[in-house]
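Coordinates in review
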Amino acid sequence: MAGGVVVNDAGGKTYPGHMTAFVFFTCLVASSGGLIFGYDIGISGGVTSMDSFLKQFFPSVYAQAEASKDANQYCKFNSQLLTLFTSSLYLAALATSFVAASVTRVFGRKWSMFCGGLTFLAGSALNGAATDVLMLILGRILLGIGVGFANQSVPLYLSEMAPAKIRGMLNIGFQLMTTIGILAANLINYATVSIEGGWGWRIGLGLAGVPALVITVGALALPDTPNSLIARGYHEDAKAVLVRIRGTDDVHEEYDDMVAASEEASSIEHPWRNILERKYRPQLTVAVLIPFFQQLTGINVIMFYAPVLFLTIGFGDDASLMSAVITGLVNMFATVVSIVSVDRLGRRALFLQGGTQMFISQIVVGTLIALQFGTAGVGEMSRSNAMLLVLFICLYVAGFAWSWGPLGWLVPSEVFSLEIRSAGQSIAVCVNMTLTFIIGQSFLSMLCTLKFGLFYFFAGWMFVMTVFIALFLPETKGVAIEEMNLVWSRHWFWGKYVSIEGTRHGSRRSTSV
Ligand code: BGC
């Protein structure tokens with residue numbers, strides 16, 4: 001085959017291309033979209049456990065928490081209004097992901113990232129200056145719009161820019177930035193909780209403007225992806241970008257395949273209707289189930305409510321934020337494990353190992369809490385048990401951070417063909433945000449009714465999703481993004497849905513064998 005192109009395990013092509021400074025830099029800037037997502041996840045748990053914040057905006061929750069100091073531990077913070085503050089962002093994000101689908105497809109990935117940064121900037125200003133609950137919630141909605149745009153466009157951008165061999169690694173930059181955002185938020189929570197005058201939460205909420213500025217200015221400086229440029233008719237620009245990001249002039253074969261994919265795609269006028277066709281069933285299933293399962297790992301119970309959870313378990317005010325910092329560090333460092341291994345071990349190995357580790361940890365956490373608080377929810381946790389609990393929570397977070405966390409964004413962004421890629425990614429974002437909203441909204445009352453059984457509930461889901469991966473997810477490491485159909489067509493189950501006969505893969509295969 002011409003031009004140094006080789007055939008990989010999946011029968012697809014591996015085009016020339018390596019990590020260049022340019023692709024590294026563009027992906028680094030785009031990944032900073034993850035910062036705004038992560039910062040949000042981390043900050044709300046902290047401010048909603050600050051007395052001064054609760055007193056000013058949610059006095060009834062504050063009074064309830066004070067009054068129930070010795071009562072049932074599971075039900076202390078149960079307030080719908082408080083959880084609405086946390087989860088309104090996710091409602092806004094899920095609605096926005098559909099608008100973002102069109103902006104990303106019609107105007108390019110870059111402008112979606114820019115819109116995300118700008119609305120996020122406005123949201124952080126409103127939140128930092130909030131004087132009543134309305135301002136708080138409006139600010140959260142603007143932040144949600146920002147997250148909707150960024151999470152729809154950034155993973156796609158990264159997967160399209162990266163050479164196939166290191167696509168996993170570059171895409172996970174997004175998740176790494178997410179974890180850095182969460183950690184930064186945890187540290188800021190920790191530093192601001194004791195500010196005299198009780199306005200520390202304003203700093204926390206207002207500082208969200210910093211990551212917003214990074215992605216807004218960054219998006220302006222970035223080139224769009226070759227796939228998006230071709231699809232919008234800028235063929236020469238696309239070729240120039242491709243040469244720069246691959247670090248070689250030998251890009252003709254990849255470029256021609258992109259043009260062919262774009263021509264196949266341009267015959268599709270209604271991506272939303274087409275995605276429902278039988279031949280896209282495997283991709284659609286992945287776009288729905290991967291983010292669905294990612295949230296049913298229960299990770300956001302830890303991310304949003306770690307400070308509240310640790311308070312519930314009996315840590316003091318500071319210790320609870322400290323524990324959140326510990327989980328934040330584990331989350332960040334364990335993500336690096338997936339960055340270095342995802343393109344070597346593959347997606348499946350990480351999913352299966354991480355899933356098993358999380359399953360075991362959930363069972364241990366549930367059991368420790370059951371032994372201490374039983375069903376009545378009263379009691380104090382001994383220091384040694386509390387330490388053991390923190391250890392297993394960390395093992396659980398680490399398992400997530402090298403499996404479902406990064407792969408929950410990587411896999412949906414890499415499995416679609418161009419014509420439905422933007423629509424498919426919106427579905428993934430929408431499912432993710434819907435479930436994040438539902439879990440955010442119901443965790444405190446679920447803890448109140450299911451008690452320690454909540455952890456067994458999530459463990460049950462861990463089992464189901466690990467079996468799903470074992471049976472239904474084909475390995476996608478190293479396969480060029482325009483060649484994914486080959487992977488589906490060879491899968492024992494999905495092969496029934498995807499046929500490559502009559503497509504460019506089918507004809508190429510018959511001529512190249
Ligand atoms: C998930 C978030 C989660 C975060 C934790 C992301 O991949 O989508 O819901 O809070 O990981 O690191």
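Residues numbered from 1 in each chain as written. Predicted model: local features only at pLDDT ≥ 70, side-chain atom pairs only at ≥ 80, totals over all residues. Heavy atoms only, no water.

Attention now moves to the overall build of the protein. Helices and strands together make up the secondary structure of the protein, namely 24 helices and two strands. Expressed as a percentage of the 513 residues in the protein, the buried residues total 63%. Taking the intrachain contacts of the protein between residues at least 6 apart in sequence as the baseline, contacts between residues at least 24 apart amount to 80%. With the model as given, the accessible surface of the protein reaches about 18,200 Å², and the carbon-plus-sulfur share is 68%. (Helix = DSSP H or I, 4+ residues; strand = E, 2+ residues; numbered from the N terminus. Buried < 20%, exposed > 50% of the residue type's maximum accessible area, 1.4 Å probe, protein only. Contact = heavy atoms within 4.5 Å. Areas by Shrake-Rupley, 256 points an atom, 1.4 Å probe, with all protein chains shown as cover.)

On to the packing of aromatic side chains. Enumeration over the complete set of coordinates arrives at 29 aromatic pairs. Ring geometry for F57 versus W201: centroids 5.1 Å apart, planes at 85 degrees, classification edge-to-face. Residue F57 is located in helix 3 (residues 51–57), and its partner W201 is located in helix 9 (residues 200–206); the two are separated by 144 residues in the primary sequence. Aromatic pair F468 and F472: ring centres 5.6 Å apart, planes at 35 degrees, arrangement tilted. On the criterion of helical spacing, the pair formed by F468 and F472 is a turn pair, its members being four residues apart in helix 22 (residues 453–472). (Phe/Tyr/Trp six-rings, centres within 6.5 Å; stacked < 30°, edge-to-face > 60°.)

On to the site of the ligand. Lining the immediate surroundings of the ligand are 13 residues, of which Q175, Q294, Q295, N300 and N331 lie closest. Q175 is positioned such that a nitrogen or oxygen atom in its side chain is 2.8 Å from an oxygen atom of the ligand. In this structure, Q294 approaches the ligand through a side-chain N or O atom, which is 2.9 Å from an oxygen atom. Bound to the protein, the ligand loses 99% of the 310 Å² it would expose on its own. (Near = heavy atom within 4 Å. Polar contact = N/O pair within 3.5 Å; in protein donor to acceptor, adjacent residues only side chain to side chain.)

Right, let's talk about the environment of Y90 for a bit. Tracing the sequence through the fold places Y90 in helix 5 (residues 80–107). Separated by 345 residues in sequence, Y90 and L435 have C-alpha atoms that sit 8.8 Å apart. With sequence-adjacent residues up to four places away left out, Y90 is seen in contact with F37, I41, R140, F304, M433, T436 and F437.

Moving on to the pattern of salt bridges. One pass over the full model with this rule turns up nine salt bridges. When the shortest N-O distance is used, the salt bridge between E414 and R347 registers 2.9 Å. Pair noted here: E414 is in helix 20 (residues 404–414) and R347 is in helix 18 (residues 347–373), with a separation of 67 residues, a long-range link. The buried category is assigned to E414, whose relative accessible area is 0%. Of the charged contacts in the structure, one is a salt bridge between R421 and E482, with a shortest N-O distance of 3.3 Å. In this pair, R421 sits in helix 21 (residues 418–450) while E482 sits in the loop between helix 22 and helix 23 (484–489), placing the two residues 61 residues apart along the sequence. In terms of burial, R421 and E482 fall into one category: buried. (Salt bridge = Lys/Arg side-chain N within 4 Å of Asp/Glu carboxyl O.)

Okay, the packing of helix 6 (residues 109–128) against helix 10 (residues 209–221) next. Close contact between helix 6 and helix 10 brings their axes to 8 Å; oriented N to C, the two are set at 155 degrees. Taken as axis vectors, helix 6 and helix 10 run roughly antiparallel relative to one another. Crossing angle aside, the handedness with which helix 6 passes helix 10 is left-handed. Facing K110, W111, M113, F114, G117, L118, F120, L121 and S124 of helix 6, the residues of helix 10 in contact are G209, A212, L213, I215, T216, A219, L220 and A221. When grouped by side-chain class, the residues that make up the contact of helix 6 with helix 10 number 12 nonpolar, four polar and one charged. (Axes fitted to C-alpha atoms, helices over the stretch in contact; angles between N-to-C directions. Parallel < 35°, antiparallel > 145°, perpendicular 65-115°, else oblique. Left-handed = near helix turned anticlockwise from the far one by under 90°. Nonpolar A, V, L, I, M, F, W, Y, C, P; charged D, E, K, R; others polar.)

A residue-level look at the protein finds 89% of positions with pLDDT of 70 or above and a mean pLDDT of 86. Considering only residues more than four positions removed or in separate chains, one finds that residues 507–513, a stretch of pLDDT under 50, has eight contacts. (pLDDT = per-residue confidence, 0-100.)

Counting 139 residues, the largest nonpolar core has F53, F58, W404 and M433 as its most contacted members. By residue number, the principal contributor to this core is helix 21, which donates 14 residues. Aside from chain neighbours lying at most four places away, what touches W404 is I290, F293, Q294, T297, F351, M358, M462, M465 and I469. (Core = buried A, V, L, I, M, F, W, Y, C linked by side-chain atoms within 4.5 Å.)

What follows concerns the environment of F37. Note that F37 resides in helix 2 (residues 33–47). Considering only alpha carbons, one finds F37 and N151, 114 residues apart in sequence, at a separation of 7.9 Å. With residues near it in sequence (within four places) discarded, F37 still touches Y90, V147, N151, F174, T178, W409 and M433.

Spanning 13 residues, helix 10 covers 19 Å between terminal C-alpha atoms, matching the ideal 18 Å at 1.5 Å per step. Those residues of helix 10 lying buried are G209, P211, A212, I215, T216, G218 and A219. Summarising the contacts, the buried residues of helix 10 are in contact with helix 1 (21–31), helix 2, helix 6 and helix 9. (Expected span 1.5 Å × (residues − 1).)

Another point: the packing of helix 7 (residues 133–161) against helix 20. Close contact between helix 7 and helix 20 brings their axes to 9 Å; oriented N to C, the two are set at 70 degrees. It follows from the interaxial angle that helix 7 and helix 20 lie roughly perpendicular. Once helix 7 is placed against helix 20, the crossing between them reads as right-handed. Facing helix 7, whose interface residues are N151, P155, L156 and S159, helix 20 presents W409, L410, S413 and E414.

Let's shift gears to the side chain of Q295. Positionally, Q295 belongs in helix 15 (residues 281–296). Separated by 2.6 Å, the side chains of Q295 and N300 make a polar contact. Once you skip the residues sitting within four places of it in the chain, Q295 turns out to touch N300, N432, L435, T436 and I439.

The subject of this paragraph is the side chain of S153. Assignment of secondary structure puts S153 in helix 7. Since its relative accessible area comes to 0%, S153 is described here as buried. A polar contact is formed between the side chain of S153 and the backbone oxygen of F149, at a distance of 2.8 Å. Discounting chain neighbours no more than four positions away, the residues touching S153 are T104, R109, S112 and M113.

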